[in-house]
Amino acid sequence: MHVRDACDGVQQIPVDSPTNKDQSNIHLVVISPPLDDKTQSWLSRKLFMWMIGLILAAALIVGFIILLVKTLPRHHHHRPLSLALERPALPYTMALSKALMFFNAQRSGKLPKNNNVTWRGNSGLNDGKSAPSKNLVGGYYDAGDAIKFNFPQSFAMTMLSWSVIEYSAKYEAAGELNHIKDVIKWGTDYLLKTFNSSADTIDRLVTQVGSGDTTGGSIPNDHYCWMRPEDINYEQPVAECYSCSDLAAEMAAALASASIVFKDNKAYSQKLVHGAKTLFKFSRNQRGKYSTWTEAAVFYDSTSYWDEFVWGGAWMYYATGNKSYLSLATKIGMARHAGAFQGGPGSGVLSWDNKLPGAQLLLTRLRLFLSPGYPYEEALKIFHNQTSIYMCSFLPFFKSFNRTKGGLIQLNNGKPQPLQFVVNAAFLATLFSDYLDAANTPGWYCGPNFYSTSVLRTFAKTQIDYVLGKNPRKMSYLVGFGSHYPKQVHHRGASIPNNKVKYSCRGGWKWRDSSKPNPNTIVGAMVAGPDRHDGFHDKRTNYNYTEPTIAGNAGLVAALVALSGGKNTQIDKNTMFSSVAPMFPIPPPPSAS
């Protein structure tokens, strides 16, 4: 609580006046002759000028006092560190720096010298050797194990790239622009290895490296064993797909969005665009879900590929300026197949599985800033309306989603691992608010009611503040932020001491089952989150509470950078359109005459 000054107003000073008793003893003695009219007029003017001067002087003094009160530093009562998270405004920039550190901890391959996670080392250096002529070293481990899933990894890179395109100035102000670009490039470099990126046409691509068999067998794999990635001595199998439209279109989105981030590195940007074109062509020609009849269905099952067509098509248009991609992305049938107009739980919730809410906001951006007109306007207007409906559903005035008593919106309808959905919604809400502000639009309609853009930022802040510790448990779900955060994160590398001892597949179980805090703090990991009653069990073996993922952290990073720095630093309206030609011919300059 701030200590306010006690004097908020101007005190009235009583004017001395004689009492009735005093008046009875007053004698007036005239000692001067009467004044003539000219002298009286002069004295009146003089008195009037003196009164004006006194009033001005008093006003100046009062104004100076008010200015002094407002500008002098105020004394604050120091609160205990444990209560620091109760502040109304939380330091999003500090949280952003920590959330980015999680990606350093998830790196696979030969680590750079500046990786800055002391308990991590080189790992997965033989990835891909079991497949013919493949080098699959690099990329990111998905969560607390050592599997590299291309589907959520691609979504994570797309989300990070989107946030950089919109908020590069905020990243730079936070001193994190080079870091986030390194994080993205580490991911895209790996994705380029998972298919023949130099070819124009492909017939397959890699879906994952590693296995997570959950049938309860004793064959060494990433779920039966509990080992540091650096110590894995069992085979990491490579899975490929031949008809996987969803995965290929998502990978195309990742490479296309990153090509805009790296537009100043022309050679690399063009390499990313070429790879994206190849992938998107494959996604359209070889229809099918990547997770059908595969192990991935247990972990990252894809509902459909229609949302990836809209999402990937929109990113391909922004990366290339080719209107054929825009024509595809704005086909209403695509969105209809993806469930845009069906409603129901989850229809407006952005996730690694449902890209449609993000795609429709991405295309709403086009309508707000370029307004391409016919033949795209009708579809873009529908997408804009759908986006507005999504935003209405996030507001507490509506009952689209339940909230916990602590205020956390239940976008996954009370199921476990809620935070990944919450942070994505916070990013979309803030971004839509910034889009409207940049378009000089003060708000939007939810039915007959008009709402200011400020209510979207308020929603986003309350949700992110909940994640950072403003919740009934005063628990920060971002590891390393604040003083009270999960200590038993479900993560193999963090839970096993970096003591030069190589624990075997089953030898690591003692660390998995230990009730002690992790010996290594995995700074920046956002865990899965609390249950629908705001409860949380800090137990390593309960991944529904304590496991982090790169897809979840990507949404958190995007939301944090969007909220950081206040509203003074607006979005970058132009970089997204770097490859997009003007929609209409530029008018000729006026004649000289």
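Residues numbered from 1 in each chain as written. Predicted model: local features only at pLDDT ≥ 70, side-chain atom pairs only at ≥ 80, totals over all residues. Heavy atoms only, no water.

By the naming in an unreviewed UniProt entry, the protein is Endoglucanase, taken from Heracleum sosnowskyi. Taken verbatim from the UniProt record of the protein, the Catalytic activity (unreviewed entry) comment is "Endohydrolysis of (1->4)-beta-D-glucosidic linkages in cellulose, lichenin and cereal beta-D-glucans." (UniProt positions renumbered as here; feature names shortened; annotations may be inferred.)

Further remarks concern the pairing of strand 4 (residues 443-446). Sheet analysis places strand 4 next to strand 5 (residues 449-452), joined by four bridges and oriented antiparallel. Across the sheet, residue Cys446 finds its bridge partner in strand 5, namely Asn449. In this structure, the hairpin formed by strand 4 and strand 5 is closed by a connection of two residues, where Gly447 is found at a positive phi of approximately 65 degrees. (Pairing = 2+ DSSP bridges. Helix = DSSP H or I, 4+ residues; strand = E, 2+ residues; numbered from the N terminus.)

Next up on the list: empty space enclosed by the protein. Applying the stated criterion to the full structure yields three cavities of 30 Å³ or more. Put simply, the largest cavity is a space of about 70 Å³. Taken together, Gln417, Leu419, Gln420, Met526, Val527, Ala528, Glu547, Pro548, Thr549 and Gly552 make up the lining of the largest cavity. A per-class count over the lining of the largest cavity returns five nonpolar, four polar and one charged. A volume near 40 Å³ is recorded for the second largest cavity. The class makeup of the residues in the lining of the second largest cavity is three nonpolar, four polar and two charged. (1 Å grid on protein atoms, 1.4 Å probe; cavity = no way out; pocket = protein on both sides within 12 Å on 5 of 7 lines; lining within 4 Å. Points joined across faces, edges and corners; volume = space filled by probe spheres on them. Nonpolar A, V, L, I, M, F, W, Y, C, P; charged D, E, K, R; others polar.)

Side chains that are three or four residues apart share a direction in an α-helix, a result of its 3.6 residues per turn. Here helix 3 (residues 92-105) contains 14 residues, and its C-alpha end-to-end distance of 21 Å stays within 8% of the 20 Å for a straight helix at 1.5 Å per residue. Counting buried positions along helix 3 gives 10 out of 14 residues, so the element sits mostly inside the fold. Taken together, the buried positions of helix 3 are occupied by Tyr92, Ala95, Leu96, Ala99, Leu100, Met101, Phe102, Phe103, Asn104 and Ala105. Structurally, helix 3 contributes buried residues whose contacts are with helix 4 (150-173), helix 5 (177-191), helix 15 (454-468) and helix 19 (550-563). (Expected span 1.5 Å × (residues − 1). Buried < 20%, exposed > 50% of the residue type's maximum accessible area, 1.4 Å probe, protein only. Contact = heavy atoms within 4.5 Å.)

Tallied over the entire structure, the rule returns 15 salt bridges. Between Glu308 and Lys355 there is a salt bridge; the shortest N-O distance is 2.8 Å. Taken together, the residues span a long stretch of sequence, with Glu308 in helix 9 (residues 306-320) and Lys355 in the loop between helix 11 (332-337) and helix 12 (356-369) at a distance of 47 residues. For the residue pair Glu308 and Lys355, the accessibility class agrees, reading buried in each case. Its salt-bridge partner being Arg512, residue Asp513 comes within 2.9 Å of it at the nearest N-O pair. (Salt bridge = Lys/Arg side-chain N within 4 Å of Asp/Glu carboxyl O.)

So, about helix 14 (residues 419-438). Look at helix 14: 28 Å from first C-alpha to last across 20 residues, which is about the 28 Å you get at 1.5 Å a residue. With respect to burial, helix 14 is a largely interior element, 19 of its 20 residues being buried.

So, on to the sheet that holds strand 1 (residues 148-149). Read from one edge to the other, the open sheet built from three strands follows the order 1-2-3, with strand pairing classed as antiparallel. The two strands at the open ends of the sheet, each matched to only one other strand, are strand 1 and strand 3 (238-241). For strand 1 and strand 2 (residues 205-209), the ladder comprises two bridges, and the chain directions are antiparallel. Opposite Phe149, over in strand 2, you have Gln208 as the bridge partner.

What follows deals with the side chain of His384. As for its position among the elements, His384 is in helix 13 (residues 377-394). Excluding residues that lie within four positions of it along the chain, His384 makes contacts with Thr364, Arg367, Leu368 and Phe432.

When the UniProt feature table is mapped onto this chain, "active site" (unreviewed entry) is found at His490, Asp538 and Glu547. In three dimensions, the annotated residues from a span of 58 residues occupy one location, with a maximal C-alpha spread of 10.2 Å. Residues from the annotated list that form part of the lining of the largest cavity: Glu547. Tracing the sequence through the fold places His490 in the loop between helix 15 and helix 16 (492-495).

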